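# Coordinate inspection notes
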Amino acid sequence: MTSGVRVSDEAKNCIESIKIRLTKEDPRDRFKALFFTINEGEIGVDQTLQIKDVDGEDQDAYKVLKVKLQEYQACYVVYDCCYETKETEKNELIFIMWIPDHCKIKSKMLYASSKDSIKQALAACGIKHDWQINDTSDLLDQSAFLSKIAKGIIKLEGKDVKD
């Protein structure tokens, strides 16, 4: 089922920039997360989070992401996730559809039926994981998130993972 909602040109440009890593750009200017909402029949970028916004010693990109998500009734997010296992370090793009249970039925239906539109815009990005969150407890449970992306993660966003 599709809703007829289209992805804005601005959103497409941001999607393009999150997937391309230019060697001459300052890595701190890269997007860490893109937050998309639906307004007036269009999926647009509502908010961006850059690496420089979350790379301080006292910052945790995953925690910032969790806080930002809770500000929304519903949204889509593309999150550039850094994690480490005993074998390797990885950066992977994760698509998150945040439609909490308390969201209005009309919004739930709109976001669910418009998911294909944004997924098509993201097709060339190499999204590795797709996570639908409907409950705040899923969002707050880091182990639920880690189980979605890989086994044996020892660091998430440069921070040790607690067992």
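All values reported here derive from a predicted model rather than from experimental measurement.

## With respect to the overall build of the protein chain
Helix and strand counts for the protein chain come out as five helices and eight strands. Going from the N terminus to the C terminus, the protein chain shows its helices and strands as β-α-β-β-α-β-β-α-β-α-α-β-β. In terms of overall dimensions, the protein chain is globule-like: its C-alpha atoms have a radius of gyration of 16 Å, near the 15 Å expected for 163 residues. Sorting the 163 residues of the protein chain into buried and exposed places 43% on the buried side. Here the protein chain has roughly 9100 Å² of accessible surface; of this, 46% comes from carbon and sulfur atoms.

## What to know about the pairing of strand 7 (residues 153-156)
On any regular strand, side chains alternate: one points to one face of the sheet, the next to the other face. As defined by bridge partners, strand 4 (residues 75-85) adjoins strand 7 across three bridges and the pair is classed as antiparallel. Of the residues in strand 7, the one forming a bridge with E84 is K155. Where strand 7 and strand 8 (residues 159-160) come together, two bridges link them in antiparallel fashion. Counterpart to L156 in the pairing with strand 8 is K159. As consecutive antiparallel partners, strand 7 and strand 8 are separated by two residues, and within that stretch E157 has a phi angle of approximately 55°, a positive value.

## Some points on the nonpolar core
F35, L65, L69, V77, Y79, I96 and F145 are the most contacted members of the largest nonpolar core, which totals 27 residues. Among the elements of the structure, strand 2 (31-39), helix 2 (61-69), strand 4, strand 5 (89-98), strand 6 (127-133), helix 5 (142-149) and strand 7 are those that each provide at least two residues to this core. In this view, I96 contacts L65, L69, C75, Y76, V77, Y79, W131 and I133; residues no more than four positions away in its chain are not counted. L34, V45, V78 and Y111 belong to the second largest nonpolar core, which has 24 residues in total.

## What to know about the environment of K90
Residue position: K90 is located in strand 5. When the C-alpha atoms of K90 and D80 are compared, they prove to be 10 Å apart, with ten residues separating the residues in sequence. Residues within four places of K90 in sequence aside, it is in contact with C81, C82 and Y83.

## A word on the pattern of salt bridges
Evaluation of the coordinates by the stated rule reveals seven salt bridges. Notably, a salt bridge pairs K90 with E92, separated by 3.8 Å at the nearest N-O pair. Residue class for K90 comes out partly exposed when judged on its relative accessible area of 36%.

## Observations concerning the packing of aromatic side chains
A complete count under the given rule lists six aromatic pairs for this structure. Seen from their ring centres, W131 and F145 are 5.1 Å apart, and the 45° between their planes marks the pair as tilted. With W131 in strand 6 and F145 in helix 5, this pair connects stretches of sequence that are 14 residues apart. Each residue in the set Y62, Y79, W131 and F145 is aromatic and connected to the rest through ring pairs, giving one cluster.

## Focus on a negative patch on the surface
A contiguous patch of negative charge on the surface is contributed by D101, D135, D138 and D141. On the basis of relative accessible area, D138 is assigned to the partly exposed category, the value being 34%.

## Focus on helix 2
What helix 2 keeps buried is the set A61, Y62, V64, L65, K66 and L69. Structurally, the start of helix 2 carries an N-cap: the backbone nitrogen of Y62 is 3.0 Å from a side-chain oxygen of D60.

About the cut-offs
- Residues numbered from 1 in each chain as written.
- Predicted model: local features only at pLDDT ≥ 70, side-chain atom pairs only at ≥ 80, totals over all residues.
- Heavy atoms only, no water.
- Helix = DSSP H or I, 4+ residues; strand = E, 2+ residues; numbered from the N terminus.
- Rg over C-alpha atoms; globule rule 2.2 N^0.38 Å.
- Buried < 20%, exposed > 50% of the residue type's maximum accessible area, 1.4 Å probe, protein only.
- Areas by Shrake-Rupley, 256 points an atom, 1.4 Å probe, with all protein chains shown as cover.
- Pairing = 2+ DSSP bridges.
- Core = buried A, V, L, I, M, F, W, Y, C linked by side-chain atoms within 4.5 Å.
- Contact = heavy atoms within 4.5 Å.
- Salt bridge = Lys/Arg side-chain N within 4 Å of Asp/Glu carboxyl O.
- Phe/Tyr/Trp six-rings, centres within 6.5 Å; stacked < 30°, edge-to-face > 60°.
- Patch = residues over 30% accessible without salt bridge, like charges linked within 9 Å, V, L, I, M, F, W, Y side chains within 5 Å.
- Lys, Arg positive; Asp, Glu negative; His and termini not counted.
- Charge placed at Lys NZ, Arg CZ, Asp CG, Glu CD.
- Polar contact = N/O pair within 3.5 Å; in protein donor to acceptor, adjacent residues only side chain to side chain.

Without other data, these values stay purely geometric and don't point to any function.
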